[in-house]
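Remarks on the overall topology
Given next are the chains, with one letter for each unit.
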Amino acid sequence: NTLVIATRNPGKAKEFASLFAPSGYTIKTLLDYPELPDIEETGKTFEENARLKAETIAQLIQQPVLADDSGLKVDALGGMPGIYSARFAGEPTSDAANNAKLLHELTDVEDENRKAQFHCTLVFAAPKKESLVVEAEWPGRIGRIPRGDQGFGYDPLFIVDGLEKTAAELDPSEKNKQSHRGLAMEKLKKQWKEWLEA
Ligand code: ITT
Ligand code: NA
């Protein structure tokens, strides 16, 4: 049994592979379908962008498709980079450039004002079905130096509430247990079988 996830982000792909492992499903991503188009993320919300990715690809391949739109919302930046997290430092960009820009923008911001949340919206789409939508957040704050070498994206700068470790200092299984993506997957797992079979 194979499930397609409409992502080209290898960090997300790895997390989904382990999040789906217990369900017996094998994951394919757009990295396995180089012929499929890049979906332009023209939406104004995480949900709009996740729908664009999931519903467009589901239509094209005529199979159920899951998409993740996620990002980091920093209170002191009015919720930025938010839906622009992947392209915060411009395009093309890199995790290193995005992290450097984030640190730069927060240079003069005191520790107590560095609160942030990771957000994840998952959309499950299938031909002729109303999409299933779930979301979750993970609270923390932005550190002053990158720490840890696991995970991806902003993980080395995201100090997890109550742990005093960055997300990049967590083992993959520890991160999945509490992260925005892990919690959204928990919600999805409660609904997706019934939704797929309906
Ligand atoms: P796809 O659209 O192909 O899935 P993307 O990276 O462009 O890949 P998004 O538009 O959803 O995906 O952007 C998400 C960005 O938010 C991602 O590139 C990271 O910079 C950041 N992000 C999301 N989840 C994260 C996590 O668990 N840890 C660190 N950074 C994360
Ligand atoms: Na996006």
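Quick caveat: nothing in here was measured; it's all calculated off a predicted structure.

A separate point is unusual backbone geometry. The omega torsion of the bond from Met80 to Pro81 falls at -5 degrees, within 30 degrees of zero and hence cis. Tracing the sequence through the fold places Pro81 in the loop between strand E3 (65–74) and helix H3 (95–105). For the bond from Glu91 to Pro92, the omega torsion is -5 degrees, close enough to zero to count as cis. Following the sequence through the fold, Pro92 ends up in the loop between E3 and H3. One non-glycine residue, Gln62, lies in the positive phi region at around 55 degrees. You can see Gln62 is positioned in the loop between helix H2 (46–61) and E3.

Another aspect to go through is the coordination of the sodium ion (ligand 2). Every protein donor of the sodium ion (ligand 2) is accounted for by Glu41 (OE), Asp69 (OD) and Asp69 (OD), and the metal-donor separations fall at 2.1 to 3.1 Å. With a gap of 28 residues between them, Glu41 in the loop between strand E2 (26–29) and H2 and Asp69 in strand E3 connect regions that are remote in the sequence.

Before going further, it helps to examine the sheet that holds E2. By way of backbone hydrogen bonds, the strands of a sheet pair with one another, either parallel or antiparallel. Pairing within the open sheet is mixed, and its six strands lie in the order E2-E1-E3-E4-E5-E6. Each edge of the open sheet is held by one strand with a lone partner, namely E2 and strand E6 (158–160). Here the strands of the sheet are splayed against their neighbours by 40 degrees on average, with no regard to which way each runs. Here helix H1 (residues 10–20) sits on the sheet and contacts strand E1 (2–5), E2, E3 and strand E4 (115–125); the angle it forms with E3, its principal contact strand, is near 120 degrees. Contacting E1, E3, E4 and strand E5 (132–142), H2 crosses the sheet at an angle of about 160 degrees to E3.

Attention shifts here to the environment of Thr107. With respect to the helices, strands and loops of the structure, Thr107 is situated in the loop between H3 and E4. By relative accessible area, Thr107 is classed as partly exposed at 46%.

With that out of the way, let us pick up the side chain of Lys53. Here Lys53 lies in helix H2. Its relative accessible area of 8% is what places Lys53 among the buried residues. Leaving out residues up to four positions away in the same chain, Lys53 has contacts with Ala6, Lys12, Ile39, Glu41, Ala67, Asp68 and Asp69.

The next subject is H1. Turning to H1, its buried residues are Gly11, Lys12, Ala13, Glu15, Phe16, Leu19 and Phe20. Where H1 begins, the capping side chain belongs to Asn9, and its oxygen is found 2.8 Å from the backbone nitrogen of Gly11.

With that settled, the discussion passes to the pairing of E5. Of the strand pairs in this sheet, E4 and E5 are connected by 10 bridges, and their pairing is antiparallel. Of the residues in E5, the one forming a bridge with Ala116 is Gly140. Where E4 folds back onto E5 in an antiparallel hairpin, the turn is made up of six residues, including Lys128, whose phi is positive at roughly 65 degrees. Where E5 meets E6, three bridges bridge the pair, whose relative direction is antiparallel. Directly across from Gly140, in E6, lies its bridge partner Val160.

Thresholds, definitions, all that
Residues numbered from 1 in each chain as written. Chains lettered and ligands numbered in written order. Predicted model: local features only at pLDDT ≥ 70, side-chain atom pairs only at ≥ 80, totals over all residues. Heavy atoms only, no water. Helix = DSSP H or I, 4+ residues; strand = E, 2+ residues; numbered from the N terminus. Donors = N, O, S within 2.8 Å, 3.2 Å for Na, K, Ca; no water. Pairing = 2+ DSSP bridges. Axes fitted to C-alpha atoms, helices over the stretch in contact; angles between N-to-C directions. Contact = heavy atoms within 4.5 Å. Buried < 20%, exposed > 50% of the residue type's maximum accessible area, 1.4 Å probe, protein only. Polar contact = N/O pair within 3.5 Å; in protein donor to acceptor, adjacent residues only side chain to side chain.

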